[in-house]
Structure formats: structure tokens, C-alpha cells
Amino acid sequence: VIKSVQDANQKAAHEEEQRKRNRDLIAADLRRQIHEQNEQRRLQNLQKREEELMMIEDAALADLEKAKAEERKNMEKRNDARKAMLMNETLMKSAREERLMKDREETKKCEDEVTRRTRIDEARIALEKRHFEEKQKMRKLLSDEASKELKQRAMKEFEIFERYQQK
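So, a few notes on the structure that sits alongside this text. (Residues numbered from 1 in each chain as written. Predicted model: local features only at pLDDT ≥ 70, side-chain atom pairs only at ≥ 80, totals over all residues. Heavy atoms only, no water.)

### A short note on the overall build of the protein
Along its length, the protein carries 1 helix and 0 strands. Its C-alpha atoms give the protein a radius of gyration of 69 Å, clearly above 15 Å, the size a compact globule of 167 residues would have. Projecting the C-alpha coordinates of the protein onto the three principal axes gives extents of approximately 235 × 20 × 10 Å. Taking all 167 residues of the protein together, 0% fall into the buried category. When the accessible area of the protein is evaluated, it comes to approximately 16,500 Å², of which 56% is carbon and sulfur surface. If you average the places of the 43 positive and of the 39 negative side-chain charges in the protein, the two averages end up 5 Å apart. (Helix = DSSP H or I, 4+ residues; strand = E, 2+ residues; numbered from the N terminus. Rg over C-alpha atoms; globule rule 2.2 N^0.38 Å. Buried < 20%, exposed > 50% of the residue type's maximum accessible area, 1.4 Å probe, protein only. Areas by Shrake-Rupley, 256 points an atom, 1.4 Å probe, with all protein chains shown as cover. Lys, Arg positive; Asp, Glu negative; His and termini not counted. Charge placed at Lys NZ, Arg CZ, Asp CG, Glu CD.)

### Some points on the environment of arginine 42
Along the chain, the position of arginine 42 falls in helix α1 (residues 2–166). Considered as a pair, arginine 42 and methionine 87 are 45 residues apart in the sequence and their alpha carbons are 65 Å apart.

Here it is in C-alpha cells:
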């Protein structure tokens, strides 16, 4: 009986030990499963984060490309505006130079006309002066001749008067 009790106790201890080992194995299996699930969740979260980061990077790259394209457009617009401004300045400069050249030509024509008129006026004045001097000379000659004639007449008349008086 004692042996059977001992055998039963040993069997019970053995069963208890077997149950304990089974519980330990189940607990270790559960811990392993929990660990695997946690690791799997961690890997999934890591993968999600990497995908989110890739999406963010893609969006950032797209935004950067968009910003670069817009900057290129703005640069092209500025360059086009600069070219148009330079073209406008060139056209205005050439128009200004053309007006200035026309003004100079007109001024030169006016100066030439003034010079021509001045020469004509000087020639007319010189001619009028010469005519005046010639008229004065003619008048003086005529006046001198008239004076001579008057003098000669007066002398003739005086001679006639003296002769008449002497008779």
C-alpha cells in the first residue's frame, strides 16, 4: 500500500511535473507567440512608417520639382521681361538718336539758311551802301556842275552887267 501510495505520489509528482513542464512549454510558446506578434506589429509599423516616409519624400520631391518648375517659369518670365525691356530701351534709344539726328539736320539747315540770309543781307547792305555812295557822288557832281554853271552864269551876267555899266 505504501508502495502504491508512493507510486501514486511519484506518479502525481511526475504528472505535476509533466503539467508544470507543459505549462512552462505553453507559457514559453505564448511568450514566443506574443513576442512574434509584437515583432510582427513592430515590423508592420516600421514598414508603415517607411511607406509613409517614402510617400512624404515623394510628395516633397514632387513639391520640390513643382517649385523648381515654377522658379524656372518665373526666371523665364523675368528673362523675357528683361529682354523686352532691353529691346524697348534699344528702340527708344534708336528713336531718340533718330530724333536727335533730325533735330541736328534741321538745326544745320536753319543755321545754313541764317548764314545764307545773312550773306544776302550783307551783300544787299553793301550794294545799297555802294548805290547810296554813287548817288551821293552823282549828286555832288551834279551839284558841283550846277554850282559851276551857276557861277559861270553869274560871272557872265556880271560881265554883261559890267559891260552894260561901262557903256
